[in-house]
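The lines below spell out each chain.
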Amino acid sequence: MEYWAALASLMGAFAFLQGVVHAMFPAELRAALARLLGRLTRAFSPYCYFDVTEMEGMSTNEIYDAVQLYLSSTAAPASGARLSLSRPLNASSFTFGLAASDRVVDTFAGCAVTWEHVVAPRQGQGFSWRPLPEEKRRFTLRIRRGDRDKLLPAYLDHILAAAADIKRRSQDRMLYTNARGGVMDSRGLPWDPVPFKHPSTFDTLAMDPARKAAIMADLRDFADGSAFYERTGRAWKRGYLLYGPPGTGKSSMIAAMANFLGYDVYDLELTEVSSNAELRKLLMKTTSKSIIVIEDIDCSVDLTNRAAAPPKPKPNPRPSITVDGAMVNQDGGAGGAGQSITLSGLLNFTDGLWSCCGAERIFVFTTNHIEKLDPALLRSGRMDMHVFMSYCSFPALKILLKNYLGFQDDEELDRLSDSDAMRGLEEWVDAAEITPADVSEVLIKNRRSGKTEAMQGLLDEFRARAETRGRGFSDGAAAAAGNEAAGGDGENEEEEEEEEKRALESPKEAGKEQDVGGIDSCADGQDEEAEEGKKQV
């Protein structure tokens, strides 16, 4: 009782003194004394403080959102702080937020920093076209004075980069394709997006593990090479050429690269691009951290031979006159002839000045026949890494067996290495020259029959393909032997056939030349008729 009586007396004395101070000193003087005391405290404090507010005037503060995302994903879970759970719109994962009035400790460059999330009620606000939140939120950063030059602004740059990477990885990746004829969508973009949900990864990709490890290391070095590319003065981009027979997994490789890096994919259809200028516009509308794909480059447009003779002139379309007097061709174009993509435009797209308008881009070209490509497309700087997608090998076959037949790990496959089916698969896989797509199809058909039966069915398929190839080779060898036995007679017959073809083609070429001359004269007459029609209108 005596303790509580003494405590009550002390509290009463404090209340009396507070009333005396309020009566003797006005509010302005008390505020000035409080500011002076705060300055003296900060002057002798070993720390300095920085506030990051949620709102900067009427707009949101980008640094606040970045700090919230960075702390919730890195520092806060490790420190055991209290977190708030949320899931943004169009996000594929949950995010955590630092709770109000909580504090976390982070380290950067060997220095310790402290973040505190301060939440206070907002004072009554007047009329505003844009209502503000009911609470004022801010982060307070406390660092030592001696570490200020070492941490700022490098620490904030690290937070912004890490937050952007976390945000990109938490959102759904998109697959874009260029709209027909360069038509813009409602947002003014020439790309049509759809969610990218391809499940292919490097773990499920049927390829030799050593080659996969090399590609993954190259991709990892590229993604982490911002300082390297800036120091060497190179544009932050890289080119890949995937070539090989159909069905060897080129599209799956692209999907695995996108899932490994967390990049968006832009599937560029060259047949829908009308000119080099439109190709540059498409490149300018792509984002950083993306993969730009041009599949089957040898089949999309004719870019294989720059030294070929120019095409023969085509007949000029008969012009028509509109109501306003404009000359419009019958093919829908006004004025001269239309443009098309050239090899020079494609090279500038991948390695020119316009390709540097952005960072962290990967160009991927695919083809089934690398020998058809122009050598200018294959040099370093445009296609830095050539990846040959070969037929199914035994290491790749083991990956497919794990994917489709449910083998848990390599140890389970190794236990079957002494079985007749596994030894037969290893012996016949190279002779069969079968693609991973064909192997997958056989395994899908037999996946309900059991592992042993499915492997036996695959072995039968290997043997059948190898025997078919063997018969083809024997027939070819017999034909070659017959030609050698015939001696020079066969060669003479081939020469005679070539001469007959030339004799048959020569009248056609002469007729074409006459047609070209007639087209020119007709074109002059059409121009005169068009001019007369324009005068009449």
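In this report, the structure presented in the accompanying data block is examined. (Residues numbered from 1 in each chain as written. Predicted model: local features only at pLDDT ≥ 70, side-chain atom pairs only at ≥ 80, totals over all residues. Heavy atoms only, no water.)

Spatially, the four strands line up as an open sheet ordered β1-β8-β7-β6, and their pairing is antiparallel. Bordering the open sheet on either side are β1 (47–53) and β6 (103–108), each of which pairs with just one other strand. The average undirected angle you get between the axes of adjacent strands in this sheet is 25°. The pairing of strand β7 (residues 111–121) with strand β8 (residues 135–144) spans eight bridges and is antiparallel. Bridged to W115 within β8 is L141. (Pairing = 2+ DSSP bridges. Helix = DSSP H or I, 4+ residues; strand = E, 2+ residues; numbered from the N terminus. Axes fitted to C-alpha atoms, helices over the stretch in contact; angles between N-to-C directions.)

The next point concerns the pairing of strand β11 (residues 237–243). Look at any regular strand and the pattern is simple: side chains alternate between the two faces of the sheet. Summarising burial for β11: six of the seven residues are buried, a large majority. Alignment of β11 against strand β16 (residues 361–367), held across seven bridges, turns out to be parallel. Following the sheet pairing, R238 is matched in β16 by I362. Bridge count for β11 against strand β17 (residues 385–388) is four bridges, and the pairing is parallel. Paired with Y240 across the two strands is M385, which belongs to β17. (Buried < 20%, exposed > 50% of the residue type's maximum accessible area, 1.4 Å probe, protein only.)

Tracing the backbone shows T248 in the loop between β11 and α8 (250–261). A distance of 2.8 Å separates a polar atom in the side chain of T248 from the backbone oxygen of P245. One polar contact links the side chain of T248 to the main-chain carbonyl oxygen of M389, over a distance of 3.3 Å. Discounting chain neighbours no more than four positions away, the residues touching T248 are M389, S390, Y391, T435 and P436. (Polar contact = N/O pair within 3.5 Å; in protein donor to acceptor, adjacent residues only side chain to side chain. Contact = heavy atoms within 4.5 Å.)

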